[in-house]
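Listed here are the chains, written in short residue letters.
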Amino acid sequence: IAVTAIDLLYSNSGSNGPFTAITSGEANDGTYSWAVPNDLTNSAFVKVVAHDAAGNSGEDLSDAGFTIYEVNVAPTLGAIGNQTIDEGVELSFTATATDPNRPSDILSFSLSGSVPVGATIDSDSGVFGWRPTEAQGPRAFTFNVVVTDDGIGTLSDSETITVTVNEVNAAPILAAIGDQSVD
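What counts and what doesn't
Residues numbered from 1 in each chain as written. Predicted model: local features only at pLDDT ≥ 70, side-chain atom pairs only at ≥ 80, totals over all residues. Heavy atoms only, no water. Helix = DSSP H or I, 4+ residues; strand = E, 2+ residues; numbered from the N terminus. Buried < 20%, exposed > 50% of the residue type's maximum accessible area, 1.4 Å probe, protein only. Contact = heavy atoms within 4.5 Å. Polar contact = N/O pair within 3.5 Å; in protein donor to acceptor, adjacent residues only side chain to side chain. Phe/Tyr/Trp six-rings, centres within 6.5 Å; stacked < 30°, edge-to-face > 60°. Pairing = 2+ DSSP bridges. Axes fitted to C-alpha atoms, helices over the stretch in contact; angles between N-to-C directions. Core = buried A, V, L, I, M, F, W, Y, C linked by side-chain atoms within 4.5 Å.

Participant: Lay out the overall build of the protein in plain terms, naming residues and giving numbers.
Facilitator: When you go through the protein residue by residue, the secondary structure sums to 0 helices and 14 strands. Counted from the first residue to the last, the protein has its helices and strands arranged as β-β-β-β-β-β-β-β-β-β-β-β-β-β. Along the first, second and third principal axes, the C-alpha set of the protein runs to 125 × 25 × 20 Å. Per-residue burial for the protein yields a buried fraction of 32% across its 183 residues. A fraction of 61% describes how many contacts in the protein between residues 6 or more apart in sequence connect residues 24 or more apart.

Written out as structure tokens, the structure is:
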């Protein structure tokens, strides 16, 4: 009796399983393409289960375990958006990011492009801070907030933001006038 369908399963924890279905009911044409999961292990096994038209089945297990290496996937920076701030007022926000390779990948934050003088971002926490000076307004500053992972083939994501600094009409300051005499 001929094989009519094939089930493919894999285990990432050795030859005793548990096994997860890759596909079931596949045609017996001798080929199958599979996108290997990003499931780091050094003891993966594949099991093939063959079915015939009479309802019989037989199975075979790969002869040896194999390694599935983790593929580095780029982190994703959370949306920040453009910002508006007055001169002399502190602008603060926290950049956030996700990475499917965490916790194995460590993320770091940075700024690039035409970063205004005084603007900083904490590389670990993503906390951004900047207090524009009187001389920095009115003006728009466009630069990048970047998150980078430390995985193999370092990957990053970024957002270009514009921070608009509004002019603040500050009262003039009169310098001290020394004693004067009038004739």
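Participant: Explain the side chain of Asn72 to me, using residue names and the numbers behind them.
Facilitator: As for its placement among the helices and strands, Asn72 is situated in the loop between strand S5 (66-68) and strand S6 (76-77). Residue classification places Asn72 among the buried residues on the basis of a relative accessible area of 17%. Here the side chain of Asn72 touches Asp149 through a polar contact of 3.3 Å, side chain to side chain. From its side chain, Asn72 meets the backbone oxygen of Ile152 in a polar contact 3.1 Å long.

Participant: Mind laying out the packing of aromatic side chains, listing which residues take part and the relevant values?
Facilitator: One pass over the structure, following the stated rule, counts 4 aromatic pairs. Relative to Trp34, the ring of Tyr10 has its centre 5.5 Å away and its plane inclined at 50°; by these criteria the two rings are tilted. Of this pair, Tyr10 sits in strand S1 (residues 3-11) while Trp34 sits in the loop between strand S2 (20-26) and strand S3 (41-52), and the two are 24 residues apart along the sequence. On the accessibility criterion, Tyr10 (10% relative accessible area) is buried.

Participant: Give a description of the sheet that holds strand S8 (residues 91-94) that names residues and reports values.
Facilitator: Ordered in space as S8-S12-S11, the 3 strands form an open sheet in which the pairing is antiparallel. Taken across any chain shown, the strands that pair with only one partner, and hence form the sheet edges, are S8 and strand S11 (120-121). The pairing of S11 with strand S12 (residues 127-130) spans 2 bridges and is classified as antiparallel. Across the sheet, residue Thr120 finds its bridge partner in S12, namely Gly129.

Participant: Describe the side chain of Lys47, with residues and values.
Facilitator: Mapped onto the elements of the fold, Lys47 is located in strand S3. Apart from the residues lying within four places of it in its own chain, the contact partners of Lys47 are Asp7, Leu8, Leu9, Phe19, Glu59, Asp60 and Leu61.

Participant: Can you break down the sheet that holds strand S7 (residues 83-86) residue by residue, with the values?
Facilitator: Strand order in this open sheet of 4 strands is S7-S14-S13-S10, and the pairing throughout is mixed. A single partner strand is all that each edge strand has here, and the edge strands are S7 and strand S10 (107-113). Put simply, the sheet's adjacent strands are angled 30° from each other on average, direction ignored. Sheet analysis places strand S13 (residues 139-149) next to strand S14 (residues 156-166), joined by 10 bridges and oriented antiparallel. Counted as the bridge partner of Phe141 is Val163 from S14.

Participant: Could you give me a rundown of the nonpolar core, with the residues and numbers involved?
Facilitator: Soluble globular proteins tend to pack their nonpolar side chains together in the buried interior. Of all hydrophobic cores here, the largest spans 21 residues; its most connected members are Phe128, Phe143 and Val145. Only S8, S10, S12, S13 and S14 provide two or more residues apiece to this core. Per-element tally for this core: the top contributor is S13, with 4 residues. In contact with Val145, not counting residues within four places along its chain, are Leu77, Ile80, Phe93, Ala95, Ser110, Leu111, Ile121, Asp157, Ser158, Glu159 and Ile161.

Purely geometric numbers; function is a separate question.
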